[in-house]
Amino acid sequence: MAEPYPVDVPASGYLVVRASGAAAARAAILGGAASDPESIQLVLRCPVPRAVAESGAKLTFADATLHLQASGVVMLTVAAAKLSIAFAELRPLMFRPVEVDAPLRALFAGAVAHVLAAGPRLDPHGLAHHLLGLAELVLRSALRSELDRVDALAARRREALEYMRAHLADQSLTADRIAEALYISRRRLYQLFDDGQGVSERLKGLRIERAKALLADPAKAGRGIAEIARDCGFTSAPHFSRTFRRATGRTPREYRERALRG
């Protein structure tokens, strides 16, 4: 099988799933078009018998390869075409560390240890099918856990955004207040918005969006800029104007005049 695209070895308890070939790697990471890879490799550091771990081991078959490095890193490589899971479905797992639950780690480590100990005395064809089944079990279990985790994060992120929108006029609204309202830690709150924008920038963006809506509303044309600034949680009209201009390229007054002209 072709050598997989390089990736850092995961920490203990974490799985990295990777694919063979640079084209497959780019498709997995960037979502571009490319043919499915020849093989999928599962990389997991897990406890194995010391005698086996110190010497390392490798079993190679037509559709599967099991390689144990002396460091305790297990690499299970299987033919992608033999898996019942499509490559596109595996994208949430690809090329990044995914935490694996302790029961699944223990099952995987035990299976690897038994295969390496008894491998030379087992039927190669049956053993290859066994390794394919092991890969299926790990991939499906990790994928389900990861999708559940992503769904939970998305739900909590929506709750945080809803709270922010409901309290935009409150100038004292902070990350600590938001976290306290959601019964989560400040660190957990920041994990919900780990896309590079952060909590304060997200909050500022929501305030700008509300200001744009108010400024463009003909029914609110009689309200002053200072009043709109307060309604959106800005500390003063000058602060609002500076922030709004940096975000939109126009002052609030210029934005309103253009919007109301249609």
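Residues numbered from 1 in each chain as written. Predicted model: local features only at pLDDT ≥ 70, side-chain atom pairs only at ≥ 80, totals over all residues. Heavy atoms only, no water.

J.: Please explain the pairing of strand 3 (residues 57-60) as it appears in this structure.
T.: If a strand is regular, its side chains alternate between the two faces of the sheet. In the sheet, strand 3 pairs with strand 4 (residues 64-68) via four bridges, with the strands oriented antiparallel. When the bridges of strand 4 are listed, L59 appears paired with L66. What sits between strand 3 and strand 4 in their antiparallel hairpin is a turn of three residues. (Pairing = 2+ DSSP bridges. Helix = DSSP H or I, 4+ residues; strand = E, 2+ residues; numbered from the N terminus.)

J.: Is there a simple way to explain the side chain of Q41 in this structure?
T.: Looking at the secondary structure, you find Q41 in strand 2 (residues 39-45). With a relative accessible area of 6%, Q41 lands in the buried category. A distance of 2.5 Å separates the side chain of Q41 from the side chain of R18, its partner in a polar contact. (Buried < 20%, exposed > 50% of the residue type's maximum accessible area, 1.4 Å probe, protein only. Polar contact = N/O pair within 3.5 Å; in protein donor to acceptor, adjacent residues only side chain to side chain.)

J.: In this structure, what is going on with the packing of aromatic side chains? I would like to understand it.
T.: Both the distance between ring centres and the angle between the ring planes are used here to describe each pair of aromatic rings. This structure, assessed with the given rule, holds three aromatic pairs. For the pair F234 and F240, a centre-to-centre distance of 5.0 Å together with 45° between the ring planes defines the contact as tilted. Classification of F234 by relative accessible area gives buried; the value is 3%. With a relative accessible area of 0%, F240 lands in the buried category. Taking 5.3 Å as the distance between ring centres and 80° as the angle between the ring planes, the aromatic pair formed by F244 and Y255 counts as edge-to-face. Of this pair, F244 sits in helix 9 (residues 237-248) while Y255 sits in helix 10 (residues 252-260), and the two are eleven residues apart along the sequence. (Phe/Tyr/Trp six-rings, centres within 6.5 Å; stacked < 30°, edge-to-face > 60°.)

J.: Is there a simple way to think about the environment of P97 in this case?
T.: Mapped onto the elements of the fold, P97 is located in the loop between strand 5 (73-79) and strand 6 (98-99). For the pair P97 and V43, spaced 54 residues apart in sequence, the C-alpha separation works out to 9.4 Å. Filtering out sequence-adjacent residues up to four positions away, P97 remains in contact with Y14, L15 and V16. (Contact = heavy atoms within 4.5 Å.)

J.: Explain the sheet that holds strand 6 to me, please; I cannot follow it from the model alone.
T.: Whenever strands of a sheet pair, they do so through backbone hydrogen bonds, lying parallel or antiparallel. Reading across the sheet, the six strands line up as 3-4-5-2-1-6 and stay open at both edges, with antiparallel pairing between neighbours. Every other strand in the sheet has two partners, leaving strand 3 and strand 6 as the edge strands with one partner each. Sheet topology places strand 4 next to strand 5; five bridges connect them, and they run antiparallel. In the strand pairing of strand 5, L66 is matched with L76. Contacts from helix 4 (residues 124-166) reach strand 1 (14-19), strand 2, strand 3, strand 4, strand 5 and strand 6 within the one sheet, and its direction differs from that of strand 5 by about 105°. (Axes fitted to C-alpha atoms, helices over the stretch in contact; angles between N-to-C directions.)

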